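Listed below are the residues making up each chain.
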Amino acid sequence: MRLLSVTGTRPQFVKAAPLHAELVKQVELVVADTGQHYDHELSRVFNEELGLGDPDVQLGVGSGSHAEMTAAMLVGIERTVLDVRPDAVLVYGDTNSTLAGALVAAKLGLPLAHVEAGLRSFDMRMPEEVNRVVCDRLSRLLFCPSEVAIANLAAEGITRGAELVGDVMVDLARLLGPLASERSPYPAALGLERGGYALATVHRQANTVQPALGRIVEGLERVAGPVVLPLHPRTREALSGAGLLARLERAVHVLPPLGYLDFTALLRAARVCLTDSGGAQKEAYLHSVPCVTMRETTEWIETVELGWNVLTADDPDAIEAAAAAPLRGPTHPDVYGDGHAASRMAKLVAEPAWRTG
Ligand code: UD1
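Summary of the structure given here. (Residues numbered from 1 in each chain as written. Predicted model: local features only at pLDDT ≥ 70, side-chain atom pairs only at ≥ 80, totals over all residues. Heavy atoms only, no water.)

1. What about helix 14 (residues 316–324)?
So, point 1. Within helix 14, the full set of buried residues consists of P316, I319, A322 and A323. Summarising the axial view, the buried residues of helix 14 lie within an arc of 135°, below the 170-degree limit, and thus occupy one face.
So, point 2. The secondary structure elements touched by the buried residues of helix 14 are helix 8 (212–222), strand 11 (272–275), strand 12 (291–293) and strand 13 (309–311).
So, point 3. The N-terminus of helix 14 is capped by D315, whose side-chain oxygen sits 3.0 Å from the backbone nitrogen of D317. (Buried < 20%, exposed > 50% of the residue type's maximum accessible area, 1.4 Å probe, protein only. Helix = DSSP H or I, 4+ residues; strand = E, 2+ residues; numbered from the N terminus. Arc of directions from axis to C-beta. Contact = heavy atoms within 4.5 Å. Polar contact = N/O pair within 3.5 Å; in protein donor to acceptor, adjacent residues only side chain to side chain.)

This is the structure we're talking about:
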């Protein structure tokens with residue numbers, strides 16, 4: 001069976017890495033990269049560190065409005081499918097690359113499998129929520145990382161093809177977590193000690209426009225102790241445009257975007273993680289680091305319910321208070337699986353029944 005795996009953004013490289021390693025044992029794998037993330041720090045560095053290698057097809061779509069980007073991806077992925085003639089398509093997460101892969105598969109009548117299915121923020125103002133809902137509706141095989149994801153799909157009437165497999169990011173965190181701390185020069189290279197700083201990330205669309213961006217800068221300024229912030233290019237552009245970059249640089253250590261190993265090393269040694277990323281919230285939990293989520297909602301609700309994560313939105317007072325008293329829940333169960341999600345998914349995807357049934 002020939003499987004087309006569609007990647008394109010940083011979080012997709014992270015999910016694809018452990019899964020591709022298992023998929024090549026089970027299927028003929030063809031990898032198409034949309035090129036949504038093209039900066040070295042957001043793309044190639046992951047391929048190199050995580051052993052992904054070059055994609056078979058590079059669509060080189062780049063940035064643009066949601067419509068421009070998704071339209072270019074639709075055309076490129078459709079051409080690729082017609083050329084490669086896969087038996088099924090695999091997509092990851094909730095980005096515009098995910099949506100484009102899902103729509104092409106559906107329009108060409110190909111069975112679609114979705115990694116990280118069933119996640120919901122219940123906020124349709126987020127582009128990612130729209131992408132998730134559409135993609136899950138079109139998928140025949142839905143790889144759910146948690147019981148909550150299975151329940152979310154059931155509430156939308158989707159039970160067929162929904163499989164509780166665990167989260168592939170757990171596989172990677174367990175495999176590379178200790179190695180990251182050994183190999184990376186961080187946090188020592190910044191003169192920082194284990195437990196002696198906060199790690200922050202900001203990139204969501206809603207947080208990179210004013211007034212939210214200014215409120216987040218104010219919140220980060222008020223966090224006690226050193227704050228390290230690897231800066232996403234979207235946020236850098238927005239900060240420059242709003243005249244806030246110099247002010248932020250006075251208050252926090254601003255770094256370029258980091259590869260998986262350096263980011264993981266910084267996360268594992270942080271006192272607290274302040275973020276609006278979905279992946280970082282989950283990774284903070286996986287490495288037992290308290291999290292402050294600068295959003296109104298989260299898809300990773302287990303981290304909040306278990307007392308390891310708190311939602312502050314862009315409220316500077318709430319950010320300051322939450323960072324001063326980080327939450328370490330009383331228990332730390334394996335709610336996202338046992339670290340063997342990738343092999344489970346590869347076996348399921350190789351079975352013919354889901355494609356023909
Ligand atoms: C995308 C995903 C988001 C995911 C994030 C991970 C969508 C709708 N959003 O957001 O869910 O959490 O990736 O990082 O797909 N840019 C560069 N270089 C690049 C890529 C982007 O400079 O390699 C800049 C461009 O100015 C671009 C902006 O960042 O316009 C936003 O990029 P885009 O891919 O639209 O969204 P992300 O914010 O990266």
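2. Topic: the layout of surface pockets
So, point 1. Looking at the second largest pocket, its volume works out to about 260 Å³.
So, point 2. What lines the second largest pocket is a set of 14 residues, among which R140, L141, R160, G161 and W354 lie closest to the centre. (1 Å grid on protein atoms, 1.4 Å probe; cavity = no way out; pocket = protein on both sides within 12 Å on 5 of 7 lines; lining within 4 Å. Points joined across faces, edges and corners; volume = space filled by probe spheres on them.)

3. Describing the sheet that holds strand 3 (residues 57–58)
So, point 1. Spatially, seven strands are ordered 3-2-1-4-5-6-7 in an open sheet, and the strand pairing comes out parallel. Each of the sheet's edge strands pairs with one partner strand only, and the pair in question is strand 3 and strand 7 (162–164).
So, point 2. Here strand 6 (residues 141–144) runs beside strand 7; their pairing, made up of three bridges, is parallel. Following the sheet pairing, L142 is matched in strand 7 by A162.
So, point 3. Packing against the sheet, helix 4 (residues 96–107) makes contact with strand 1 (2–7), strand 4 (88–92) and strand 5 (112–115), and its axis sits at approximately 160° to strand 4.
So, point 4. Strands in contact with helix 6 (residues 147–155) are strand 6 and strand 7; relative to strand 7, the strand with the most contacts, it is inclined by about 165°. (Pairing = 2+ DSSP bridges. Axes fitted to C-alpha atoms, helices over the stretch in contact; angles between N-to-C directions.)

4. What about the sheet that holds strand 12?
So, point 1. Pairing is parallel in the open sheet, where six strands are placed in the order 10-9-8-11-12-13. Of all the strands in the sheet, just strand 10 (253–255) and strand 13 have a single pairing partner and so form its edges. In this sheet, neighbouring strand axes are inclined to one another by 20° on average, regardless of whether the strands run parallel or antiparallel.
So, point 2. Relative to strand 11, strand 8 (residues 198–200) runs parallel, the two being bridged by three bridges. Following the sheet pairing, A198 is matched in strand 11 by V272.
So, point 3. Its contacts with the sheet put helix 14 on strand 11, strand 12 and strand 13, and the angle it makes with strand 11 is roughly 160°.

5. Some remarks on the packing of helix 3 (residues 66–84) against helix 4
Packed helix pairs are specified by the crossing angle of their axes together with the interaxial distance, meaning the distance between the axes.
So, point 1. Interhelical geometry of helix 3 versus helix 4 gives an angle of 45° and a closest axis separation of 9 Å. In terms of orientation, helix 3 and helix 4 fall into the oblique class. Seen from above, helix 3 lies across helix 4 with right-handed handedness. Residue-level inspection shows H66, M69, T70, M73, L74, I77, E78 and V81 of helix 3 in contact with helix 4, the latter providing N96, S97, L99, A100, G101, L103 and V104.
So, point 2. Its residues assigned to classes, the contact of helix 3 with helix 4 comprises nine nonpolar, five polar and one charged. (Parallel < 35°, antiparallel > 145°, perpendicular 65-115°, else oblique. Left-handed = near helix turned anticlockwise from the far one by under 90°. Nonpolar A, V, L, I, M, F, W, Y, C, P; charged D, E, K, R; others polar.)

6. Describing helix 11 (residues 260–268)
So, point 1. Of all the nine residues making up helix 11, eight are buried; the element is thus mostly covered by neighbouring parts of the structure.
So, point 2. Every buried residue of helix 11 is accounted for by Y260, L261, D262, F263, T264, A265, L266 and L267.

7. Quick word on the packing of aromatic side chains
So, point 1. Evaluated as defined, the whole model comprises three aromatic pairs.
So, point 2. Residues Y285 and W308 carry aromatic rings whose centres are separated by 6.1 Å and whose planes lie at 85° to one another, so their mutual orientation is edge-to-face. Remark: W308 occurs in the loop between helix 13 (301–305) and strand 13 and Y285 occurs in helix 12 (residues 278–286); sequence separation between them is 23 residues. Side by side, Y285 and W308 carry an identical accessibility label, which is buried.
So, point 3. Ring plane angle 85° and centroid distance 5.4 Å describe the contact between W300 and Y336, whose orientation is recorded as edge-to-face. Taken together, the residues W300 in the loop between strand 12 and helix 13 and Y336 in the loop between helix 14 and helix 15 (341–350) connect sequence positions 36 residues apart. Considered together, W300 and Y336 belong to a single accessibility category, that of buried residues.
So, point 4. Taken together, the ring pairs connect Y285, W300, W308 and Y336 into an aromatic cluster. (Phe/Tyr/Trp six-rings, centres within 6.5 Å; stacked < 30°, edge-to-face > 60°.)

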